[in-house]
Amino acid sequence: MKKENYVSLEFPSRSANESFARAAAACFAAQLDPTLEEVNDVKTAVSEAVTNAIVHAYPDRIGKIVMRVALLEGHALEIVVKDWGVGIEDVEKAREPLFTTGNQERAGMGFTIMESFMDTLKVRSVPGKGTTVTMRRKIARRAGR
Amino acid sequence: MPVTCREEGRTLIATVSGELDHHEAKAVMEELEGRIDQALPRQLTVDLKGLTFTDSSGIAVLLRAWRRMGQIQGSMRVVGTPAQAEKVFRAAGLERMIRFE
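These notes cover the structure that comes with them. None of these values were measured; they are calculated from a predicted model.

A short note on the overall build of chain B
Counting its regular elements, chain B contains three helices and five strands. Its C-alpha atoms give chain B a radius of gyration of 12 Å, near enough to 13 Å, the size a compact globule of 101 residues would have. With the C-alpha coordinates of chain B rotated into their principal frame, the extents come out at 30 × 30 × 20 Å. Intrachain contacts of chain B at a sequence separation of at least 6 include 74% that bridge at least 24 residues. Accessible surface, chain B as shown: approximately 4,600 Å² in total, 47% of it carbon and sulfur.

Section: helix 1 (residues 17–29) of chain A
In this model helix 1 of chain A runs 18 Å from its N-terminal to its C-terminal C-alpha over 13 residues, within 8% of the 18 Å that 1.5 Å per residue would give. For helix 1 of chain A, the set of buried residues is A:N17, A:E18, A:A21, A:R22, A:A24, A:A25, A:A26, A:F28 and A:A29.

Some remarks on the pattern of salt bridges
All told, the structure shown has 18 salt bridges over all chains when counted by the stated rule. A salt bridge links B:E33 to B:R64, with the shortest nitrogen-to-oxygen separation between them at 2.9 Å. With B:E33 in helix 1 (residues 22–39) and B:R64 in helix 2 (residues 56–71), the pair connects residues that are 31 residues apart, well separated along the chain. Assigned by exposure class, B:E33 and B:R64 land together as buried. One network of salt bridges, in which partners are shared, links A:E37, A:D41, A:R137 and B:K87.

Here we look at the sheet that holds strand 2 (residues 11–20) of chain B
Pairing between the strands of a sheet is mediated by backbone hydrogen bonds and can be parallel or antiparallel. Residue and element names in this part refer to chain B. Taken in spatial order, the five strands of this open sheet run 1-2-3-4-5, and their pairing is mixed. Sheet topology places strand 1 (3–8) and strand 5 (99–100) at the edges, where each strand pairs with a single neighbour. As defined by bridge partners, strand 1 adjoins strand 2 across six bridges and the pair is classed as antiparallel. Residue pairing in the sheet places R6 in a bridge with I13 of strand 2. Sheet strands in contact with helix 1 are strand 1, strand 2 and strand 3 (43–54), and its direction is about 175 degrees off that of strand 2. Across the face of the sheet, helix 2 comes into contact with strand 2, strand 3, strand 4 (75–79) and strand 5 while running at roughly 150 degrees to strand 4.

Observations concerning the interface of chain B and chain A
How big an interface is tends to be stated in terms of the accessible area lost upon association of its parts. Contacts between chain B and chain A engage 19 residues on the former and 25 residues on the latter. Across the chain B to chain A interface the summed buried area is about 1,900 Å²; carbon plus sulfur atoms make up 56%. Looking only at chain B, the three residues that lose the most surface to chain A are B:H22, B:S56 and B:K87, adding up to 31% of its buried area. If you look at where chain B meets chain A, you find four salt bridges. One can count 11 residue pairs in polar contact (both at pLDDT 80 or more) joining chain B with chain A. By residue number, the principal contributor to the side of chain B that touches chain A is helix 2 of chain B, which donates five residues.

Parameters at a glance
- Residues numbered from 1 in each chain as written.
- Chains lettered and ligands numbered in written order.
- Predicted model: local features only at pLDDT ≥ 70, side-chain atom pairs only at ≥ 80, totals over all residues.
- Heavy atoms only, no water.
- Helix = DSSP H or I, 4+ residues; strand = E, 2+ residues; numbered from the N terminus.
- Rg over C-alpha atoms; globule rule 2.2 N^0.38 Å.
- Contact = heavy atoms within 4.5 Å.
- Areas by Shrake-Rupley, 256 points an atom, 1.4 Å probe, with all protein chains shown as cover.
- Expected span 1.5 Å × (residues − 1).
- Buried < 20%, exposed > 50% of the residue type's maximum accessible area, 1.4 Å probe, protein only.
- Salt bridge = Lys/Arg side-chain N within 4 Å of Asp/Glu carboxyl O.
- Pairing = 2+ DSSP bridges.
- Axes fitted to C-alpha atoms, helices over the stretch in contact; angles between N-to-C directions.
- Buried area = accessible area lost by both parts, 1.4 Å probe.
- Polar contact = N/O pair within 3.5 Å; in protein donor to acceptor, adjacent residues only side chain to side chain.

Right, here's the structure in full:
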C-alpha cells in the first residue's frame, strides 16, 4: 500500500521513551484529524508495542528500537516497531491473553490490547535476531473534511 | 510518582494521576503495597479521575492491589475511571474481577 508520508524514530530501550514514543505517534497521526478516541487507541497500542520491546526484547541490556509511523492511502495509519533483541520463540503463544515472560509488573495483555485497539496486527520474530510489530488502523473521515 | 494515599477510618484512598505506564508502574505498585501493608485497610478505594493515560501496566497495578486486598480479607473499588483507561481495562475483562463505580 502506498505511503503518503512517514516519520522514522530511533531511540534506546529506556522506559522513559515509552511516553515520548506514544506522544510522537499521536502528533504525527494528527494529520489525519482523528477523534480523541482514535488518538487514544493509537497511543495505547504504541505504548504496548514499545514497552514490549523495552521489557522483553532487551531484558538485560539497552538496545535499539525503531518506530516508523506512516500515513497510508485510504486515510489509514501504519505503525511499525522494530527491535534487534532476543526475539520471540512462539509468537502464537505470546499473543495469547495473560501469557507473559515478564515479572509481576506485566499483565500479559500487551498483544491483546494492540489487537483490540488497532485493525490489524502482524508480528514477525526470529529468535536471537529481533521482532517487528506492524499495526494498521483506519481513521474515519469526518463530515465536512 | 503519580499516586498519593490517605486514610479515612479503615479505608485507604489512593489517588492516581498523570500517566501510568510501565515506566511508572513499579513505583506505584510498591507505594500501594507498602501503604496497604501499613494501614491494613478494610477497603481500598482507587481514584482514577486524574489519570490521563494508561496501558496494560495499569491493569497489572490494579490486579496486584486487588490480590493484596484479597490476602488481607479487604475489598477494593475503583472510582472515576476515565474513558481511555476504561477501554483498556475492558479489553482485559477487568470488570469481571474488580468493582468499578
